[in-house]
Amino acid sequence: MRVLDGMYREGASEPQSLDIVVTRHDVRDEAAFRSTGVLELYEELFPASERDSPDDIVRWLLSDDVGERRRFSVGGHEMSYRLDSRWFILRAGAGCAVGLGFFTYDHASDLIFCNHVGIAKAWRGGGLARAFYREMVAMLDALFPNNIGVVLEVEPFDRDRLAAIIADLERTGRQQLAADERDEIRRLLRASWYHKLDYSVFCDARTMRPLVCRSPCLDPTPPLSGWANGEENYWLMWRARTGAPSAALRAGQLWHKAATAIYVEILAKSLVAADPNGRRGYWDYATALVAGTLQRTAVADVRLARCLDDDDSALLSRWGRLAIDLPI
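Here the structure is a predicted model, which is why all the values come from computation and not from measurement. (Residues numbered from 1 in each chain as written. Predicted model: local features only at pLDDT ≥ 70, side-chain atom pairs only at ≥ 80, totals over all residues. Heavy atoms only, no water.)

## Considering the overall build of the protein
Within the protein, the regular secondary structure consists of nine helices and 12 strands. Expected size for 328 residues packed as a compact globule is a radius of gyration near 20 Å; at 20 Å, the protein falls within 12% of this value. For the protein, the C-alpha atoms occupy an extent of roughly 60 × 50 × 40 Å along the three principal directions. Taken over 328 residues, the protein has a buried fraction of 48%. Pairs at least 24 apart in sequence give 68% of the contacts found in the protein among residues at least 6 apart. Approximately 15,600 Å² of the protein is accessible, and the part contributed by carbon and sulfur atoms is 47%. Within the protein, one finds 41 positive and 47 negative side-chain charges whose respective centroids are separated by 3 Å. (Helix = DSSP H or I, 4+ residues; strand = E, 2+ residues; numbered from the N terminus. Rg over C-alpha atoms; globule rule 2.2 N^0.38 Å. Buried < 20%, exposed > 50% of the residue type's maximum accessible area, 1.4 Å probe, protein only. Contact = heavy atoms within 4.5 Å. Areas by Shrake-Rupley, 256 points an atom, 1.4 Å probe, with all protein chains shown as cover. Lys, Arg positive; Asp, Glu negative; His and termini not counted. Charge placed at Lys NZ, Arg CZ, Asp CG, Glu CD.)

Right, here's the structure in full:
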């Protein structure tokens, strides 16, 4: 457990003391995990399309992804994977959950994947989110001393579309945004948050545009014909662990390693291992999709670059002057 002390909550007259607990270290069983209220906070923070089922989360955290090698067979081919998933819970008075972080360490690549991070609306501001995130990464470094860094997905944003939305808000003075406008702005704000935490994005050096990674459908239960509807495009962001000896990997090698870790080792293997015979088709589909992404980018000169440029920073400044409250 770690403790955060500071003036984090708006209107607070004195510093608040918050603690951070982690599953299978401080929170050891399902009853203790559910009693923190963190699953209710998770439901509040993320839309249904972005959430995993609570039962799956409990299974991953407490039985499946516990650092032990899991083996299964698909079409006569023996496979294995070794993951360790941890949920960090930021607690205020009386143990109430006000923040969460969900990370998975892949032993095959020594990469940590950031699944979700969030702070309750009443506790945003005052630098709490950044302090919480940095403490979680320090705790992860202690748990997994061989890790080489953290990789995560962000949804691509369209700079031209953002400029048009912000210009219209400036011109009309309206404060209400349509759903698609909110989504587009949030994409920029999320990328900006990780940018401020010193994350870089994988780019094609010829254009300095981020490389696009296509995620397989997260639900293997519908018929194959429906899987394409569940695919999403992401940019991958990366932050090397300070002093990690493997951080000097070439960007192209790291890109390949990151995409394979996220979409094969963590996603596909976890889903297929639950029903190897019934989900062989999903395995073929998911691995082919990842292979296609890697093949399309095989000839790219991959570089790591800062996610936001001067034009993006200008858009953020203009958005800030609009003073519209839009949680990310």
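## A word on the nonpolar core
By size, the foremost hydrophobic cluster in this structure holds 72 residues, and its most contacted members are Phe 33, Trp 87, Tyr 133, Tyr 194 and Trp 319. Examining the composition of this core, we find that seven residues originate from one element, helix 4 (residues 128–143), more than from any other. Residues contacting Trp 87, with those up to four places away along its chain left out, are Val 21, Val 22, Thr 23, Phe 33, Val 38, Tyr 42, Ile 57, Leu 61, Leu 100, Gly 101 and Phe 102. One finds Ala 251, Trp 255, Leu 271 and Ala 300 within the second-largest nonpolar core, a separate group that totals 42 residues. (Core = buried A, V, L, I, M, F, W, Y, C linked by side-chain atoms within 4.5 Å.)

## As for the pattern of salt bridges
For the structure on display, the rule yields 24 salt bridges. Residue Arg 174 is joined to Glu 181 by a salt bridge in which the shortest nitrogen-to-oxygen separation is 2.7 Å. Since its relative accessible area comes to 26%, Arg 174 is described here as partly exposed. Look at Glu 181 and you get buried, because its relative accessible area is 10%. A salt bridge links Asp 183 to Arg 186; the shortest N-O distance between them is 3.9 Å. Linking Asp 183 with Arg 186, this pair stays in helix 6 (residues 179–196), spanning three residues, or about one helical turn. The network of salt bridges with common partners includes Asp 56, Arg 59, Asp 64 and Arg 70. (Salt bridge = Lys/Arg side-chain N within 4 Å of Asp/Glu carboxyl O.)

## Thoughts on unusual backbone geometry
Residue Arg 24 is not a glycine yet carries a positive backbone phi of 65 degrees. Of note, Arg 24 is situated in the loop between strand 2 (16–22) and helix 1 (30–35). For Asp 110, which is not a glycine, the phi torsion comes out positive at approximately 65 degrees.

Treat this as a map of the structure, not an account of what it does.
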